[in-house]
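Architecture at a glance
Residue-level listing of the chains:
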Amino acid sequence: MRKVFVNEPVLDGNERKYLNECVDTNWISFEGPFVKKFEQGMAELTGRKYAVAVSNGSVALDTAVLALKIGEGDEVIMPTFTIMSCAAPLVRVGAKPVLVDSDPYTWNMNVDDIESKITSKTKAIMVVHIYGLPVDMDPVLELAKKYNLYIIEDAAEMHGQTYKGRPCGSFGDISTFSFYPNKHITCGEGGMVLTNDEALADRCASVRNLFFSPKKRYIHEELGYNFRMTNLQAAIGVAQLEKIDRTVAKKRHIGALYTKLLKDVDGLQLPVAKTDYADNIYWVYGIVLADDLPIDADEFMKRLGAEGIGCRGFFWGMHEQPVFKEMKLFEGESYPVAENLARRGLYIPSGVNLTDDDQEYVVEKMKEILYEYYK
């Protein structure tokens, strides 16, 4: 059977060369030179002064929350439609995630809902750019300034994307990236925290490295974590960063071809190609099944899987997560757009290694399923 994977990393640059350098020099730990090179490269990509490499994108968010000293009783406004990594750091420190629904067209957080959720306990807004289009940042920045709030910008899916020409990852008091294998830049695992504030950068570096005292090693005035990135991870990241322009161009080609092949097919909401502030970068190519289609995303993915086509469902809202229901968070709250996206949204193969022929095969099999209902 033909196989089209939902994503495969492409390691066709200097990855092997740089890994061999690590092995040949015995620098495989955090202390190796590629960590600093990767930090500098990500700072340049995003126009930031400081970058702190960590072991994955989830702990990048933990680091951001701890660096900002968000804690017991604080509130942070965030989208319900996102990955668990965004809410978990808040709950762990005793803060309260305050949720907003999604925009039905861009799938990002609905910025019009933010101001009504601000209280005297609100300390930050966590912005999460979703699937390829950035959040409309200008209204968020205005609210943060008006109410003196921090912005945590989760740009995990936005390597190489811009908002009104300015790099994503440059907007938050602290911004974060992930380098999981399905990202435009991957290290296998890895993350980055970025800021223009030197004191915040120093605190992030201390959180990452067990809060070792700068005056004397093995002296600790706070409890930190081992969130360090290895030199091996960073070596791959440096090689991947060298190819970011090519990767973005390929992703946009994939998105444009899918849209061309699917634009006249009934039963699908396709991703927005362009807004007045950004062109879609198509981290993944998401679709939402029409309400009148009598199957949901799970069944659609099962049918495609039988044809050798890998897919993934959309995020499940934070307010519907069993762990949070058990904790009695978000009781009685409903976010209908996010609930619909979770049940009827999925993304089809979107990896950089995808060929035009692969995409045509995927679309052919999608049409076969849909034409059973739309003849």
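Because the structure is a prediction, the values reported are computed rather than measured. (Residues numbered from 1 in each chain as written. Predicted model: local features only at pLDDT ≥ 70, side-chain atom pairs only at ≥ 80, totals over all residues. Heavy atoms only, no water.)

1. Looking at the overall build of the protein chain
- Secondary structure summary: the protein chain contains twelve helices and 13 strands in total.
- Against the 2.2 N^0.38 benchmark of 21 Å for 375 residues, the protein chain shows a C-alpha radius of gyration of 21 Å, consistent with a compact globule.
- Projected onto its principal axes, the C-alpha positions of the protein chain cover 75 × 55 × 40 Å.
- Taking all 375 residues of the protein chain together, 56% fall into the buried category.
- In the protein chain, the proportion of contacts linking residues at least 24 apart, taken out of those at least 6 apart, comes to 72%.
- In the protein chain, 43 positive and 54 negative side-chain charges are present, and the distance between their average locations comes to 4 Å. (Helix = DSSP H or I, 4+ residues; strand = E, 2+ residues; numbered from the N terminus. Rg over C-alpha atoms; globule rule 2.2 N^0.38 Å. Buried < 20%, exposed > 50% of the residue type's maximum accessible area, 1.4 Å probe, protein only. Contact = heavy atoms within 4.5 Å. Lys, Arg positive; Asp, Glu negative; His and termini not counted. Charge placed at Lys NZ, Arg CZ, Asp CG, Glu CD.)

2. Regarding empty space enclosed by the protein
- What the rule picks out here adds up to one cavity of 30 Å³ or more.
- In this structure, the largest cavity spans a volume of roughly 70 Å³.
- Every residue along the wall of the largest cavity is listed here: Tyr-105, Thr-106, Trp-107, Ile-130, Tyr-131, Gly-132, Leu-133, Pro-271, Val-272, Asn-280, Val-284 and Gly-286.
- Broken down by class, the residue content of the lining of the largest cavity amounts to eight nonpolar, four polar and no charged. (1 Å grid on protein atoms, 1.4 Å probe; cavity = no way out; pocket = protein on both sides within 12 Å on 5 of 7 lines; lining within 4 Å. Points joined across faces, edges and corners; volume = space filled by probe spheres on them. Nonpolar A, V, L, I, M, F, W, Y, C, P; charged D, E, K, R; others polar.)

3. Quick notes on a negative patch on the surface
- On the surface, Asp-173, Asp-197, Glu-198 and Asp-202 cluster together to form a negatively charged patch.
- For Glu-198, the location among the structural elements is in helix H6 (residues 198-208). (Patch = residues over 30% accessible without salt bridge, like charges linked within 9 Å, V, L, I, M, F, W, Y side chains within 5 Å. Areas by Shrake-Rupley, 256 points an atom, 1.4 Å probe, with all protein chains shown as cover. Salt bridge = Lys/Arg side-chain N within 4 Å of Asp/Glu carboxyl O.)

4. Focus on the packing of aromatic side chains
- Overall, the coordinates contain 19 aromatic pairs when judged by the stated rule.
- When the ring of Phe-38 is compared with that of Phe-179, the centres are 4.8 Å apart and the planes differ by 50 degrees; the resulting orientation is tilted. Note that Phe-38 is positioned in helix H2 (residues 33-46) and Phe-179 in the loop between strand E8 (174-178) and strand E9 (191-195), a separation of 141 residues in sequence.
- Among the aromatic residues, those joined into a ring-pair cluster are Phe-81, Trp-107, Tyr-131, Trp-283, Phe-314, Phe-315 and Tyr-347.
- Over the ring of Phe-171 we find Arg-166, and its NZ or CZ is 4.1 Å from the ring centre.
- The ring centre of Tyr-218 lies 5.2 Å from the NZ or CZ of Arg-217, which sits over that ring. (Phe/Tyr/Trp six-rings, centres within 6.5 Å; stacked < 30°, edge-to-face > 60°. Lys NZ or Arg CZ within 6 Å of the ring centre and 35° of its normal.)

5. Here's the deal with the side chain of Ser-170
- Here Ser-170 lies in the loop between strand E7 (166-167) and E8.
- Non-local contacts of Ser-170, meaning those with residues more than four positions away in its chain, are made with Thr-46, Arg-48, Glu-153 and Ser-175.

6. Let's talk about the side chain of Ser-55
- Relative to the elements of secondary structure, Ser-55 occurs in the loop between strand E1 (50-54) and helix H3 (57-67).
- Other than its neighbours up to four places away in sequence, Ser-55 contacts Glu-189, Gly-190, Gly-191, Phe-227, Arg-228, Met-229 and Gln-233.

7. Description of the layout of surface pockets
- One number sums up the size of the largest pocket: a volume of about 540 Å³.
- Along the wall of the largest pocket there are 29 residues; nearest its centre are Ile-83, Tyr-180, Asn-182, Lys-183 and Trp-283.
- One number sums up the size of the second largest pocket: a volume of about 300 Å³.
- Around the second largest pocket sit 17 residues that line it, and Lys-36, Glu-39, Ala-51, Val-52 and Arg-208 are the ones nearest its centre.
- Residue assignment for the lining of the second largest pocket shows that the elements contributing at least two residues are H2, E1 and H6.
- Across the lining of the second largest pocket, the residue classes break down as eight nonpolar, two polar and seven charged.

8. Structural notes on the sheet that holds strand E4 (residues 122-128)
- The strand order across the open sheet formed by seven strands is E1-E9-E8-E5-E4-E2-E3, and the pairing between neighbours is mixed. Looking at strand neighbours, the two that pair on one side only are E1 and strand E3 (96-100), the edges of this open sheet. Each adjacent strand pair in this sheet contributes to an overall mean axis angle of 20 degrees, direction not counted.
- Here E8 runs beside E9; their pairing, made up of four bridges, is antiparallel. Bridged to Ser-175 within E9 is Leu-194.
- Against the sheet, H6 touches E1, E8 and E9, its axis set at about 15 degrees to E1. (Pairing = 2+ DSSP bridges. Axes fitted to C-alpha atoms, helices over the stretch in contact; angles between N-to-C directions.)

9. Section: the packing of helix H1 (residues 15-25) against helix H7 (residues 231-241)
- Contact geometry of H1 with H7 gives a least axis separation of 8 Å together with a crossing angle of 150 degrees. In terms of orientation, H1 and H7 fall into the roughly antiparallel class. Considering only the axes of H1 and H7, their crossing is right-handed. Packed against H1, whose contacting residues are Glu-15, Tyr-18, Leu-19 and Cys-22, the element H7 presents Asn-231, Leu-232, Ala-235, Ile-236, Val-238, Ala-239 and Gln-240 at the interface. (Parallel < 35°, antiparallel > 145°, perpendicular 65-115°, else oblique. Left-handed = near helix turned anticlockwise from the far one by under 90°.)

10. Examining the packing of helix H8 (residues 244-262) against helix H12 (residues 356-370)
- The interhelical angle for the contact between H8 and H12, taken along N-to-C directions, is 35 degrees, at an axis separation of 10 Å. In this structure, the crossing between H8 and H12 has a hand that is right-handed. In this structure, H8 uses His-253, Ile-254, Leu-257, Tyr-258, Leu-261 and Leu-262 to contact H12, whose residues at the interface are Asp-356, Gln-359, Glu-360, Val-362, Val-363, Met-366 and Lys-367.
- In terms of residue class, the contact of H8 with H12 is built from eight nonpolar, two polar and three charged.

11. Some words on the pattern of salt bridges
- Per the stated rule, a full pass over the model turns up 17 salt bridges.
- A salt bridge links Arg-2 to Asp-358; the shortest N-O distance between them is 3.0 Å. Of the two residues, Arg-2 is situated in the segment before H1 and Asp-358 in helix H12; the sequence distance between them amounts to 356 residues.

Keep in mind that these numbers describe shape and distance, not what the molecule does.
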